[in-house]
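Okay, here's what each chain looks like letter by letter:
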Amino acid sequence: MRANQGAAGVDGQSIEEFEADLKNNLYKIWNRMSSGSYFPSPVRRVEIPKDVGTRPIGIATVADRVAQTVVKRRIEPELEKCFHPDSYGYRPGKSAKDALGVARKRCWRYNWVLDLDIKAFFDSIDWKLLLRAVRMHIDIPWVLLYIERWLKAPVQLPDGTLVNPEKGTPQGSVVSPVLANLFLHHAFDSWMKKNCPYIPFERYADDIICHCKTEAQALWLKDALERRFALCKLALHPDKTKIVYCKDDDRTGGYPEEKFDFLGYTFMARRSKNRWGKYFVNFCPAVSNTAAKEIRHVMRQWALHNRSDKSLDDLARMFNPVLRGWINYYGSFYKSAMYPTLRHFDRILVRWARRKYKRLEGHKRRAEAWLYAIMRRQPGLFAHWPLLQARVGW
């Protein structure tokens, strides 16, 4: 809980405030859950921006998140035994980078991809079907009782209004990812294994891509999955679900859709170099424009140019953990696509230097030369500098 941080719920209690009287607070949760008298508080709904519109996130109270973690740790080992090996989301020992690596290799072997988008998945999960799936694997009465109560907990809207949902599970709660994985395991994974064992796929929560040999096979699969999801009271997004041609040097011709986004990466035809230094066109992933735009937005929110009270070493200590995290994830494949975004951070550093040092004020070129001189003297000061220096051969 502490590692994941998170905002306060409807009661306004933070993790720090909960820990101030930790023993008594944990005892209260244990006592209520053991006696069957535990009822969750309303879930506070907040809207976070996304590519188009906003995404609703449910924030439970700290006490409810602790209780959900208890249930998650109790049921997860049992559910892990049945989950499909190509399900990667929110599972121990699996990651988004694993899914991306497998998807990249399969795009080389299969000409077509069916990129699936389930419309409002977390808000559309049918409670009756979900609880039926839970009972197939879990027979612990108190677990079943509290999962049902969490599903039916009231939602507090931003204006303070309470509403009682009739379906769905709050995106952002501790137990929701496990329940969502279980629902899609029965709705999609098991169905694919039984009906289309020859079509491989990668699924990260509700982000799914399927690899097909022909366009006709992709069209057939799309129609079949529309019918399957309708039975599970889900719907494919008509505009975001698409069939993509994995174009490269060995695949001539064209198609209206020749790229797709998956887990913050864009898969498309790119110029690559083989081990002998020869260039070729390769269908592979690189950081998406949406992800790069979001990274630059976060950099601007730091307002680094206003921190003239800090030294360059201070800035490195403050921002290197975040920079390193971006590099470790988005630099895993075709890392050169990250360079323009990382150089944007250096431009912000130049602006910071012009505000901090009077001799650099009004002299952009001089400030750039000052920063590049420090790069050469201390190439490891910022996490991204070794990458950029290797790029230009310093």
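Residues numbered from 1 in each chain as written. Predicted model: local features only at pLDDT ≥ 70, side-chain atom pairs only at ≥ 80, totals over all residues. Heavy atoms only, no water.

Engineer: Summarise the packing of aromatic side chains; cite the residues concerned and give the values.
Structural biologist: Applying the stated rule across the entire model yields 26 aromatic pairs. A centroid spacing of 6.2 Å and a plane angle of 85 degrees characterise the contact between W302 and F345, whose relative ring orientation is edge-to-face. Taken together, the residues W302 in the loop between α10 (289-301) and α11 (312-330) and F345 in helix α12 (residues 339-356) connect sequence positions 43 residues apart. An identical accessibility class is assigned to W302 and F345; each is buried. Pairwise contacts between aromatic rings join W302, F319, W326, F345, F382 and W385 into one cluster. (Phe/Tyr/Trp six-rings, centres within 6.5 Å; stacked < 30°, edge-to-face > 60°. Helix = DSSP H or I, 4+ residues; strand = E, 2+ residues; numbered from the N terminus. Buried < 20%, exposed > 50% of the residue type's maximum accessible area, 1.4 Å probe, protein only.)

Engineer: Could you give me a rundown of the pattern of salt bridges, with the residues and numbers involved?
Structural biologist: Evaluated as defined, the whole model comprises 12 salt bridges. Here D314 ties to R317 by a salt bridge, and the two come within 2.4 Å at their closest N and O atoms. With D314 and R317 both in helix α11 and three residues apart, the pair spans about one turn of that helix. On the basis of relative accessibility, which here comes to 23%, the residue D314 falls in the partly exposed class. Salt bridges sharing common partners tie together D86, R106 and E202. (Salt bridge = Lys/Arg side-chain N within 4 Å of Asp/Glu carboxyl O.)

Engineer: An account of the pairing of strand β7 (residues 207-212) is needed here, citing residue identities and associated values.
Structural biologist: In terms of burial, β7 is largely enclosed, as five of its six residues are buried. In this sheet, β7 lies alongside strand β3 (residues 112-117) in antiparallel orientation, the contact comprising six bridges. Directly across from D117, in β7, lies its bridge partner D207. Bridging between strand β6 (residues 201-204) and β7 involves four bridges; their strand directions are antiparallel. (Pairing = 2+ DSSP bridges.)

Engineer: Give me the lowdown on the sheet that holds strand β8 (residues 242-245), citing residues and values where you can.
Structural biologist: Taken in spatial order, the four strands line up as β6-β7-β3-β8 in an open sheet, and their pairing is antiparallel. For this open sheet the edge positions go to β6 and β8, each flanked by a neighbour on one side alone. Between one strand axis and the next, the sheet turns by 20 degrees as a mean value, whatever way the strands run. Relative to β8, β3 runs antiparallel, the two sharing four bridges. Bridge pairing in β8 places D115 opposite K242. Each of β3, β6 and β7 is contacted by helix α4 (residues 96-109), which is oriented at about 160 degrees to β6, the strand it contacts most. Lying over the sheet, helix α9 (residues 215-231) contacts β3, β7 and β8, oriented at roughly 20 degrees with respect to β3. (Axes fitted to C-alpha atoms, helices over the stretch in contact; angles between N-to-C directions. Contact = heavy atoms within 4.5 Å.)

Engineer: Help me get a handle on empty space enclosed by the protein, residues and values and all.
Structural biologist: Taken as a whole, this structure holds two cavities of 30 Å³ or more when the rule is applied. Estimates place the volume of the largest cavity at around 80 Å³. Along its surface, the largest cavity is lined by 15 residues, and V43, Q68, W150, P170 and S173 are the ones closest to its centre. Only α3 (62-80), α7 (141-151) and α8 (176-195) provide two or more residues apiece to the lining of the largest cavity. In terms of residue class, the lining of the largest cavity is built from nine nonpolar, five polar and one charged. Taken as a whole, the second largest cavity spans an internal volume of roughly 30 Å³. (1 Å grid on protein atoms, 1.4 Å probe; cavity = no way out; pocket = protein on both sides within 12 Å on 5 of 7 lines; lining within 4 Å. Points joined across faces, edges and corners; volume = space filled by probe spheres on them. Nonpolar A, V, L, I, M, F, W, Y, C, P; charged D, E, K, R; others polar.)

Engineer: Tell me what's going on with the packing of α11 against α12, and back it up with residues and numbers.
Structural biologist: Direction vectors running N to C along α11 and α12 enclose 165 degrees, while the axes themselves pass 12 Å from each other. As far as their axial angle goes, α12 and α11 are roughly antiparallel. Crossing hand, α11 versus α12: right-handed. Across the interface between the two elements, L312, L315, F319, L323 and I327 from α11 touch L342, F345, L349 and W352 from α12. Split into classes, the residues belonging to the contact of α11 with α12 amount to nine nonpolar, no polar and no charged. (Parallel < 35°, antiparallel > 145°, perpendicular 65-115°, else oblique. Left-handed = near helix turned anticlockwise from the far one by under 90°.)

Engineer: Go over the packing of α8 against α9 with me, naming the residues and quoting the values.
Structural biologist: At a closest axis distance of 11 Å, the pairing of α8 and α9 adopts a crossing angle of 145 degrees. The handedness of the crossing between α8 and α9 comes out as right-handed. Residue-level inspection shows L184, H186, A187, F188, W191 and M192 of α8 in contact with α9, the latter providing L221, A224, L225, R228 and F229. The residue inventory of the contact of α8 with α9, partitioned by class, reads nine nonpolar, one polar and one charged.

Engineer: Tell me about the layout of surface pockets, residues and numbers included.
Structural biologist: Over the atoms rolls a probe the size of a water molecule, and its path tells where empty space is left. Here the second largest pocket defines a volume of roughly 400 Å³. Taken together, 16 residues form the lining of the second largest pocket, with M1, N4, R65, G172 and V174 sitting closest to its centre. Mapped by element, the contributors of at least two residues to the lining of the second largest pocket are β2 (54-59) and α3. Grouping the constituent residues of the lining of the second largest pocket by class yields six nonpolar, seven polar and three charged.

Engineer: Hey, could you go over the side chain of Q68 for me, with residue numbers and the actual values?
Structural biologist: Following the sequence through the fold, Q68 ends up in helix α3. At 3.1 Å, the side chain of Q68 and the backbone nitrogen of V174 are in polar contact. Excluding its chain neighbours within four sequence positions, the residues that come into contact with Q68 are A60, W150, S173, V174 and V175. (Polar contact = N/O pair within 3.5 Å; in protein donor to acceptor, adjacent residues only side chain to side chain.)

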